[in-house]
Structures are given as structure tokens and as C-alpha cells.
Amino acid sequence: MGKATAVANPNIAFVKYWGKADEALNLPANPSLSMNLAALTTVTTVEFRSGQACDVVTIDGHPATGQALHRVVAHLDRVRALAGSNEQAWVASRNDFPAATGLASSSSAFAALTLAATQAAGLSLDEVRLSRLARLGSGSACRSVPAGFALWEMEEAHQVAPPEHWDLRDLVAIVTGQAKAVSSHDGHALAPTSPLYAARLAAVVGWLAAVEDGLARRDLAAMGPAVEADALAMHAVMMTSHPSLLYWLPATVAVLQAVRAWRDGGLEAYFPVDAGPNVHCLCRAAAAGEVENRLKAIPGVQQVVASGPGNGVRPVNWHLF
Ligand code: DP6
């Protein structure tokens with residue numbers, strides 16, 4: 001077997017995946033819709049080597065250990081099973097995310113790993129099969145396989161619009177660079193313990209319809225309120241889970257309040273918030289400079305990372321080692 005390298009962008013969900021219908025298969029409790037983030041990339045090189053005793057994995061130059069290593073090895077096992085091989089792999093993965101932003105993402109990580117590992121194993125999977133396989137590594141990774149905007153309903157994600165469809169901008173206000181105490185991966189299992197879980201799942205249907213409609217018509221005002229409602233509902237579920245997950249910091253709330261005040265003043269921006277304290281702001285390209293300047297002026301905002309819609313996972317013809 002050989003060696004291959006792939007690059008992927010993480011994605012930000014406008015309608016969130018929070019809770020699983022099947023934990024082993026990473027089947028979601030509800031459909032989700034996202035945009036790949038062009039400014040952020042994960043590059044991963046995989047080489048299968050005969051005679052190597054075990055998989056060796058480095059992430060950003062450090063040996064992977066614990067749950068991170070376990071998840072990568074489990075994913076390599078899926079690829080080996082497909083290829084009918086038992087060769088162990090050498091894996092290096094690098095994120096070009098600005099240092100200490102807390103933006104590390106399993107979506108780009110498992111999308112890039114899936115393409116690099118399957119190609120290194122001599123397999124050639126189409127987009128649907130890549131997305132399904134990436135999902136088994138991390139649910140949100142299936143949405144980083146297609147380019148642009150993707151909808152994930154059951155086994156795989158499909159593109160709903162290419163990156164060129166709409167130059168929507170996502171500005172992430174970084175309020176802390178620290179990794180979160182409870183990962184999304186572990187958080188999913190807690191979702192059903194919240195009394196608000198079923199209520200959110202019932203409401204998601206309407207929010208998804210509004211987001212799909214706004215996206216198709218490039219109408220931010222049509223989709224923005226649904227994006228915010230779903231992000232807030234997901235955090236309400238987290239906060240009321242048992243044990244409770246409270247990801248927000250004072251600066252998180254300051255950004256949420258500011259975005260609403262700007263809107264009242266005529267600046268169109270809406271916030272999707274992921275599982276963490278950093279706040280994403282969606283706006284049109286023409287407003288991106290103004291939103292960025294205002295975000296940077298909020299006390300507690302350390303850095304702003306701006307992105308347009310990104311590509312799908314893709315091979316590159318150079319390697320990390
Ligand atoms: C809050 O995809 O990280 O980002 O499937 O267990 O790997 P696993 O979970 P993961 O969950 C992402 C949760 C989220 C919302 C989203 O991206 O839809």
C-alpha cells in the first residue's frame with residue numbers, strides 16, 4: 001500500500017448536529033446543514049508500511065495519545081477492512097488554524113484522514129462513500145467532504161450549494177484559546193438527558209426549512225433568525241443536560257448581545273455558536289470588514305478569524321513527511 005495526502009476545511013453548522021440516533025454509527029438525531037470554512041485547513045498524510053508494529057500518529061507535531069489516538073486507529077481499521085489489508089500506518093496531521101484559538105476541529109480532521117487513508121490504501125471512493133466513511137470517524141466530518149454548503153440527513157452529506165453560490169462570510173470571535181473541558185464527541189451522549197432535547201428536535205424541522213430557503217435565495221435575513229435560534233437551543237440543551245455543559249464565558253455573551261444591538265442599528269449579522277465559548281458571526285461580504293472591526297473592539301475578544309465558503313476534501317500532490 002502507498003502514501004497519500006489530503007486537505008480539508010472544517011465546517012460551521014447553521015443547523016446543528018447535537019445528539020445521535022445511533023452512537024456506534026454516528027447517525028444523527030436530526031438533519032444538519034453547514035458551510036465549509038475556506039480560511040482554515042487540516043492537511044493529513046497517511047502512509048501504510050509493511051512490517052510496522054502499530055499505527056504512529058502525530059497531530060501538529062505531537063504524538064497523539066488517549067482518545068484522539070484511539071479514534072484515528074479505529075478509523076484506519078475501517079480503511080484496512082475495506083482494503084483487505086493489515087498494514088499499519090504512519091500518520092501526520094497539521095492544522096493551519098491560528099495558534100491557540102481553540103478551533104481544532106474533528107470535521108476537517110476526519111475528512112482529510114478519510115481521503116488520505118483510502119487513497120494510500122489504493123481505494124478510490126466516490127463522494128457519497130467518502131462522506132459515509134468520514135461520518136464513522138466523526139459525524140460532522142461527513143459535511144466537510146462536499147464543497148461549499150452541505151446537508152446531512154442520514155448516512156452521508158450532500159452539497160446543497162457550491163462555494164460560488166454565495167460569498168457568505170463567517171467571522172469567528174476567539175474569546176479563549178483553551179481546549180474545552182468536554183468535547184462535542186462526549187457531549188452528544190448527554191443530550192438526551194436534557195428535558196429540552198425533544199423540544200429542540202421538534203423545532204429543528206422548521207429552522208432547517210428556513211435556512212434552506214434563505215440559502216437558496218441568498219437571503220441572510222430569512223435564515224439568520226433560525227441559525228441563532230438553533231444555536232441557542234443547542235446550548236440550552238447542553239446547559240440543561242445532566243451533567244450540565246456550560247461552554248459560555250462572559251465575553252461569549254458580550255458578543256451575542258453586541259451582534260443583536262448591531263442588527264438593531266442596521267448591520268446585518270447573525271451568530272451560530274459551536275460547542276465552545278467562541279462565537280461565529282455570519283454576514284455578507286460587504287459587511288465583513290465592519291463586523292470584524294466591531295468584533296475586535298469587544299473586550300475579551302482576542303482574535304477574529306474570517307472565512308468565506310470553502311472547498312470539499314481534496315488530494316494534494318505533496319506530503320508532510
Ligand atoms: C456542536 O462531529 O464533533 O459542532 O460525531 O461524536 O465526532 P462526533 O461529534 P462532532 O459533533 C459536532 C457538534 C457541533 C455541531 C455541528 O457541527 O453540527
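Residues numbered from 1 in each chain as written. Predicted model: local features only at pLDDT ≥ 70, side-chain atom pairs only at ≥ 80, totals over all residues. Heavy atoms only, no water.

K.L.:
Just give me the short version of the overall build of the protein, but keep the residues and values in it.
P.N.:
Within the protein, the regular secondary structure consists of 8 helices and 15 strands. Computed over its C-alpha atoms, the radius of gyration of the protein comes to 19 Å, within 12% of the 20 Å expected for a compact globule of 321 residues. In terms of principal-axis extent, the alpha carbons of the protein reach across some 65 × 40 × 35 Å. Buried residues in the protein amount to 53% of all 321 residues. Taking as baseline every contact in the protein between residues at least 6 positions apart, the subset at least 24 positions apart corresponds to 77%. For the protein, the computed accessible surface area is about 12700 Å², with 55% contributed by carbon and sulfur atoms. Averaging the coordinates of the 23 positive side-chain charges in the protein and doing the same for the 27 negative ones gives two points 2 Å apart. (Helix = DSSP H or I, 4+ residues; strand = E, 2+ residues; numbered from the N terminus. Rg over C-alpha atoms; globule rule 2.2 N^0.38 Å. Buried < 20%, exposed > 50% of the residue type's maximum accessible area, 1.4 Å probe, protein only. Contact = heavy atoms within 4.5 Å. Areas by Shrake-Rupley, 256 points an atom, 1.4 Å probe, with all protein chains shown as cover. Lys, Arg positive; Asp, Glu negative; His and termini not counted. Charge placed at Lys NZ, Arg CZ, Asp CG, Glu CD.)

K.L.:
Any details on the site of the ligand? Residues and values, ideally.
P.N.:
If you check the shell around the ligand, you find 18 residues, and the closest are Tyr17, Ser138, Gly139, Ser140 and His185. A distance of 2.7 Å is found between an oxygen atom of the ligand and a side-chain nitrogen or oxygen belonging to Ser140. Arg143 is positioned with one of its side-chain polar atoms (N or O) 2.7 Å from an oxygen atom of the ligand. Coverage of the ligand by the protein amounts to 95% of the 460 Å² it exposes when considered alone. Grouping the amino acids of the shell around the ligand by side-chain chemistry returns 5 nonpolar, 8 polar and 5 charged. (Near = heavy atom within 4 Å. Polar contact = N/O pair within 3.5 Å; in protein donor to acceptor, adjacent residues only side chain to side chain. Nonpolar A, V, L, I, M, F, W, Y, C, P; charged D, E, K, R; others polar.)

K.L.:
Could you give an account of the nonpolar core, naming the residues involved and the relevant values?
P.N.:
Counting residues in each nonpolar core, the largest one holds 29 residues, and the members touching the most others are Phe14, Leu168, Val211 and Met223. Of all elements in the fold, only strand S2 (11-15), strand S5 (32-36), strand S10 (149-152), strand S12 (168-174), helix H5 (197-216) and helix H6 (220-239) reach the threshold of two or more residues within this core. Apart from the residues lying within four places of it in its own chain, the contact partners of Phe14 are Leu33, Ser34, Met35, Phe149, Leu168, Val211, Met223, Val227, Asp230 and Leu282. Among the nonpolar cores identified, the runner-up in size contains 28 residues, and Val91, Ala111, Ala121 and Leu130 belong to it. (Core = buried A, V, L, I, M, F, W, Y, C linked by side-chain atoms within 4.5 Å.)

K.L.:
Account for the packing of helix H1 (residues 66-83) against helix H2 (residues 106-120), with residues named and values stated.
P.N.:
Packing of H1 against H2 leaves a shortest axis separation of 10 Å and a crossing angle of 35 degrees. Relative to H2, the crossing made by H1 is right-handed. When H1 is examined against H2, the residues Arg71, Val72, His75, Leu76 and Val79 are found in contact with a partner set consisting of Phe110, Leu113, Thr114, Ala117 and Thr118. (Axes fitted to C-alpha atoms, helices over the stretch in contact; angles between N-to-C directions. Left-handed = near helix turned anticlockwise from the far one by under 90°.)

K.L.:
Run through the sheet that holds strand S9 (residues 88-95), naming residues and quoting values.
P.N.:
Taking strand neighbours across the sheet as the criterion, the 6 strands line up as S8-S7-S9-S6-S1-S15 in an open arrangement whose pairing is mixed. With partners counted over all chains shown, the strands left at the sheet margins are strand S8 (62-63) and strand S15 (314-316), one partner each. (Pairing = 2+ DSSP bridges.)

K.L.:
Explain H2 to me, and be specific about the residues and the numbers.
P.N.:
Every α-helix carries 3.6 residues per turn, so stepping three or four residues along brings you back to the same face. Over its 15 residues, H2 runs 20 Å from end to end, which matches the ideal 21 Å to within 8%, given 1.5 Å per residue. Of all 15 residues in H2, 12 are buried, a share of seventy percent or more. For H2, the complete set of buried residues consists of Ser107, Ser108, Phe110, Ala111, Ala112, Leu113, Thr114, Leu115, Ala116, Ala117, Thr118 and Ala120. Directly beyond the C-terminal end of H2, a positive phi value near 85 degrees is found at Gly122. (Expected span 1.5 Å × (residues − 1).)

K.L.:
Give me the lowdown on the pairing of strand S6 (residues 42-49), citing residues and values where you can.
P.N.:
Counted residue by residue, S6 has 7 buried out of 8 residues, so it is predominantly covered. Summarising the sheet, strand S1 (residues 3-8) and S6 pair through 6 bridges and their orientation is antiparallel. Along S6, the bridge assignment pairs Lys3 with Glu47. Note that S6 and S9 share 8 bridges and pair antiparallel. The partner of Phe48 across the bridge, within S9, is Ala89.

K.L.:
Talk me through the packing of aromatic side chains; I want residue IDs and the actual numbers.
P.N.:
Evaluation of the coordinates by the stated rule reveals 3 aromatic pairs. Ring centres of Phe14 and Phe149 lie 6.5 Å apart, and the angle between their planes is 55 degrees; on these two criteria the pair is classed as tilted. Here Phe14, found in strand S2, pairs with Phe149, found in strand S10; they are 135 residues apart in sequence, far enough to count as distant. Neither Phe14 nor Phe149 differs from the other in exposure class; each is buried. (Phe/Tyr/Trp six-rings, centres within 6.5 Å; stacked < 30°, edge-to-face > 60°.)

Such coordinate-based values are descriptive only and should not be taken to indicate function.
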